[in-house]
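Summary of structural features
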Amino acid sequence: MSDFFHIIHPPNFDKSAPEDDTDRAARVELQMRLYQASITLWKNDLVYVVHPANGVRPDLVEVTDAGRAALG
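The text that follows walks through the structure, step by step, so that each part is easy to find.

Parameters and conventions
Residues numbered from 1 in each chain as written. Predicted model: local features only at pLDDT ≥ 70, side-chain atom pairs only at ≥ 80, totals over all residues. Heavy atoms only, no water. Helix = DSSP H or I, 4+ residues; strand = E, 2+ residues; numbered from the N terminus. Rg over C-alpha atoms; globule rule 2.2 N^0.38 Å. Contact = heavy atoms within 4.5 Å. Areas by Shrake-Rupley, 256 points an atom, 1.4 Å probe, with all protein chains shown as cover. Salt bridge = Lys/Arg side-chain N within 4 Å of Asp/Glu carboxyl O. Buried < 20%, exposed > 50% of the residue type's maximum accessible area, 1.4 Å probe, protein only.

Once that is clear, we can look at the overall build of the protein. Tallying secondary structure elements over the protein gives three helices and two strands in all. By the compact-globule yardstick of 11 Å for 72 residues, the protein is too spread out, its C-alpha radius of gyration being 15 Å. Dimensions along the principal axes, computed over C-alpha positions, put the protein at roughly 45 × 30 × 15 Å. Taking all contacts inside the protein whose residues are at least 6 apart in sequence as the whole, residues at least 24 apart take part in 22%. As displayed, the protein offers around 5600 Å² of accessible surface, 59% of which is attributable to carbon and sulfur atoms.

Below you can see the structure in the form of structure tokens.
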């Protein structure tokens, strides 16, 4: 799921922006919340890992029946 974070919320600051740049800091905070949301989905059995990360690609996850029911 984390591979999509930069697609759904692209950086809105220059790559040369300092670490303490407000836009950079806000994006890091958003990414951390997205990671936490991903973990929460997994912990609540709403998604499961089909193929664990292998160093080349990240975890491949699918929605569980409970996850589908939660969406419905």
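The next subject is the environment of His6. Relative to the helices and strands, His6 resides in helix α1 (residues 5-8). Considered as a pair, His6 and Gly55 are 49 residues apart in the sequence and their alpha carbons are 19 Å apart. Among all residues touching His6, those that are not within four sequence positions of it are Pro11 and Arg27.

With that settled, the discussion passes to the pattern of salt bridges. By the definition in use, this model includes two salt bridges. Among the ionic pairs, Glu29 bridges to Arg33, the shortest N-O distance being 3.9 Å. Residue Glu29 and its partner Arg33 are both found in helix α2 (residues 22-43); the two are separated by four residues, about one turn of the helix. Its salt-bridge partner being Asp65, residue Arg68 comes within 3.3 Å of it at the nearest N-O pair. Of this pair, Arg68 and Asp65 both sit in helix α3 (residues 65-71), three residues apart, roughly one helical turn. Relative accessible area serves as the criterion here: at 47%, Arg68 is assigned to the partly exposed category.

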